[in-house]
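Here's the letter readout for the chains.
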Protein chains: 2
Amino acid sequence: MTEPVDDEGKIPRPESASPGSRHPTAPEAEKTTTQAVTSPTSAPAKRNAFTELMAPKPKAPISQAPQSMASKASQIVRGVWRGALIEYIEHPERFPDKVLRVTPNTVLIKDAFPKATIHLLLLPRSPAHYLLHPHSAFADPAFLAMMREEAAVGAQLAAAELARKLGPSSASNRARDEAMGKGGVPFDELPAGRDYAAEIRVGTHAHPSMAHLHVHIISRDMHSERARHKKHYNSFVTPFFVPLADYPLVEDDVRRETGFQNGNLKKELVCWRCGQNFGARFAELKKHLEVEFEAWRAE
Amino acid sequence: MTEPVDDEGKIPRPESASPGSRHPTAPEAEKTTTQAVTSPTSAPAKRNAFTELMAPKPKAPISQAPQSMASKASQIVRGVWRGALIEYIEHPERFPDKVLRVTPNTVLIKDAFPKATIHLLLLPRSPAHYLLHPHSAFADPAFLAMMREEAAVGAQLAAAELARKLGPSSASNRARDEAMGKGGVPFDELPAGRDYAAEIRVGTHAHPSMAHLHVHIISRDMHSERARHKKHYNSFVTPFFVPLADYPLVEDDVRRETGFQNGNLKKELVCWRCGQNFGARFAELKKHLEVEFEAWRAE
DNA sequence: TATTCCGATAGTGAC
DNA sequence: GTCACTATCGGAATGAG
Ligand SMILES: Nc1ncnc2c1ncn2[C@@H]1O[C@H](COP(=O)(O)O)[C@@H](O)[C@H]1O
Ligand SMILES: Nc1ncnc2c1ncn2[C@@H]1O[C@H](COP(=O)(O)O)[C@@H](O)[C@H]1O
Ligand SMILES: [Zn+2]
Ligand SMILES: [Zn+2]
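Just so you know, these numbers come straight off a predicted model, no measurement behind them.

Quick notes on the rules
Residues numbered from 1 in each chain as written. Chains lettered and ligands numbered in written order. Predicted model: local features only at pLDDT ≥ 70, side-chain atom pairs only at ≥ 80, totals over all residues. Heavy atoms only, no water. Helix = DSSP H or I, 4+ residues; strand = E, 2+ residues; numbered from the N terminus. Contact = heavy atoms within 4.5 Å. Near = heavy atom within 4 Å. Polar contact = N/O pair within 3.5 Å; in protein donor to acceptor, adjacent residues only side chain to side chain. Nonpolar A, V, L, I, M, F, W, Y, C, P; charged D, E, K, R; others polar. Buried < 20%, exposed > 50% of the residue type's maximum accessible area, 1.4 Å probe, protein only. Core = buried A, V, L, I, M, F, W, Y, C linked by side-chain atoms within 4.5 Å. Axes fitted to C-alpha atoms, helices over the stretch in contact; angles between N-to-C directions. Parallel < 35°, antiparallel > 145°, perpendicular 65-115°, else oblique.

## Quick word on the environment of B:Phe282
Residues and elements named next belong to chain B.
- Within the secondary structure layout, Phe282 lies in helix H8 (residues 282-297).
- Considered as a pair, Phe282 and Glu292 are ten residues apart in the sequence and their alpha carbons are 15 Å apart.
- Every residue in contact with Phe282, bar those within four places of it in the chain, is listed here: Ala227, Arg228, His229, Lys230, Tyr233 and Leu269.

## A look at the protein's contact with DNA strand D
- Of all residues adjacent to DNA strand D, which total 18 residues, the nearest are A:Trp81, A:Arg226, A:His232, B:Phe282 and B:Ala283.
- Within 4 Å of the protein, the atoms of DNA strand D are drawn from sugar and phosphate moieties in a proportion of 65%.
- Within the side chain of A:Lys115, an N or O atom sits 3.0 Å from a phosphate oxygen of DNA strand D.
- Separating a phosphate oxygen of DNA strand D from a side-chain N or O atom of A:Arg226 is a distance of 2.7 Å.
- Among the elements of the structure, helix H6 (230-237) of chain A together with H8 of chain B are those that each provide at least two residues to the surface near DNA strand D.
- Along the lines of polarity and charge, the residues of the surface near DNA strand D split into eight nonpolar, three polar and seven charged.

## What to know about unusual backbone geometry
Residues and elements named next belong to chain A.
- Cis rather than trans, the peptide bond between Tyr247 and Pro248 has omega equal to -5°.
- One can find Pro248 in the loop between strand S7 (241-243) and helix H7 (258-266).
- The phi dihedral of Met222 falls on the positive side, at around 55°, and the residue is not glycine.
- The topology assignment puts Met222 in the loop between strand S6 (215-219) and H6.
- When its relative accessible area of 2% is taken as the criterion, Met222 is described as buried.

## With respect to the nonpolar core
- If you look at the biggest cluster of nonpolar residues, it comprises 47 residues, and the most contacted ones within it are B:Phe138, B:Ile200, B:Val202, B:Ile217, B:Tyr233 and B:Leu244.
- Looking at this core, the elements with two or more residues in it are strand S4 (119-124), helix H4 (141-166), strand S5 (200-205), strand S6 (215-219), helix H6 (230-237), strand S7 (241-243) and H8 of chain B.
- The element that contributes the greatest number of residues to this core is H4(B), accounting for eleven residues.
- Ignoring anything within four residues of it in the chain, the contact list for B:Tyr233 reads B:Met222, B:Leu269, B:Val270, B:Cys271, B:Trp272, B:Phe282, B:Leu285 and B:Leu289.
- Membership of the second largest hydrophobic core comes to 46 residues, among which are A:Ala159, A:Met222, A:Phe241 and A:Leu244.

## A closer look at the packing of H4(B) against H8(B)
Residues and elements named next belong to chain B.
- Remark: H4 packs on H8, axes separated minimally by 11 Å, with the N-to-C direction vectors making an angle of 100°. Classed by the angle they form, the pair H4 and H8 counts as roughly perpendicular. On H8, the residues touching Leu162, Lys165 and Leu166 of H4 are Phe293, Trp296 and Arg297.
- Considering only residue class, the contact of H4 with H8 consists of four nonpolar, no polar and two charged.

## Examining the protein's contact with DNA strand C
- Residues in close proximity to DNA strand C total 22 residues, the closest being A:Phe282, B:His207, B:Ser209, B:Lys231 and B:Ser235.
- Considering DNA strand C, the proportion of its atoms within 4 Å of the protein that are sugar or phosphate atoms stands at 67%.
- Between A:Phe282 and DNA strand C, the recorded distance is 2.3 Å, taken from a backbone N or O atom to a phosphate oxygen.
- B:Lys231 is positioned such that a nitrogen or oxygen atom in its backbone is 2.2 Å from a phosphate oxygen of DNA strand C.
- Counting only elements with at least two residues in the surface near DNA strand C, the list comes to helix H8 (282-297) of chain A together with H6 and helix H7 (258-266) of chain B.
- Ranked by residue count, the leading element in the surface near DNA strand C is H6(B), at three residues.
- In the surface near DNA strand C, the residues fall into nine nonpolar, seven polar and six charged.

Here is the structure:
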């Protein structure tokens, strides 16, 4: 009963860690595979379609945690809930329903408890980085650049899937379709279809709970049965959510301060779309988000 | 189901207001009657044992509410919960199990929802005063003096009853009894018995809910099934409780400030006896108060 | 800063 | 992080001869 009810595939559970999976080293090949976010006919990815990431280039890591320590920490979190994401990193082929894309550097998955219509996680596979705090990990420019590149791909996938889910309701798309139907309108002058990518946000939580570094790729609607309490909501609509574009954070960025972030999570509930304040009345916010969702999807 | 389960007598209910009780004037005699707080053999007071209070001396009332307004307010609050105490004032004879003492100026009753082992209320009978806020009413020196005198009597009754309830457990009393038993000890040199009056506190709530002026006469233990939430507790152990001895309050006394008093009611729970902080964990405080009560009663 | 009922919210432990 | 359980908190009603 600990698995989500609204999705089809299995997710890693603490006791599922296999004894043979303890040495995430020695990659043999590099290959990238991408699947549609939801493809009714897509066959599960074959096991040999995945490979592992070589340890990062010997350029001096900025992290405070040397790889030996990271390995030790990796052992510590393995098998407990905080370490559940390692399974996607080391064994993406085991979760064909969850894994959208695998590269030597990253795994892109569907969040098992999505807090919005689209909610993906981008996981780096480098053991030298994947146990670092995001603020530390993204102080490494090369690593940050790599993650930004992959996050952009993920955001495009997310936007495409959002379009698929919302498309028929979109007013801007309807306008475009009508114009196209009339014919005779130069392509450049067609009304633009809806910019779904603009509805996708990419970033981290200032204080992640899951041990392995992950970047949230999430639609902004916060319309999900899995968004169940204030902390869920505020972790995405307040500065607790740190856009990937804002990295690296300057040394005195207020978002590094624990007190500031605890305050963000306890803030009163404010509609992300219209700014209405619901105080602590989460149920009322949820009802309101239903209405906002319908308006937003029809934009 | 709206009446307390832990006491025997009936209490006023809104619908019990009788049509003939609307003119609390024209006293015919002055008589004072006092009953033991609990006297197993005491017969209910006879109806004619009670009389009503003459309107106060024509000396200028300090109140902002002239008697005509007070009368109107009296009409307004009659019949709703905020006005329930008027029944004791006008018809003390109807509540023989609740009324302990009746004078021309006051009625002393047992609180129907006692927040401690002993919890009495002293009610003034003067319509010119009984709807005033305590801070206003006790700006009248003569009225304050009268109430202090009666409160002192009430506190003595409360102390006596507390002695009756706790006496057998008291270490100081045991010491005194032993010394007396030995004989030959001059009366002056006997160990003092426990000073129960010192365990009784007398004062008001800074923002009363019951409309008619009342002074709480309460033992300090806060050991009662009826003390059920933070507001109950903090209204007696923080500066929200204003000792009668502190009146009249100076104009800029912080205790007049609503914000200050709201803060007091929301304060974290702190044991009145040992200072231990229980945060918001009321159930734990209650458990702790059980232990403290046994230690306190054995002092 | 009345009591009572009741549902929403918040905090806790998870072997 | 989720889940299940419980405690705490917060609003509404309280009346109707
Ligand atoms: N077993 C899992 N598989 C996939 N996603 C998960 C799993 N457990 C938790 N999550 C998600 O991981 C994210 C961790 O959030 P955070 O650590 O606050 O950045 C949340 O959005 C969870 O819904
Ligand atoms: N019907 C009643 N009869 C006697 N005491 C009452 C009644 N209703 C409330 N009380 C008490 O009156 C007090 C009013 O407290 P407050 O207005 O806060 O000073 C509380 O201690 C209540 O327990
Ligand atoms: Zn809104
Ligand atoms: Zn204590």
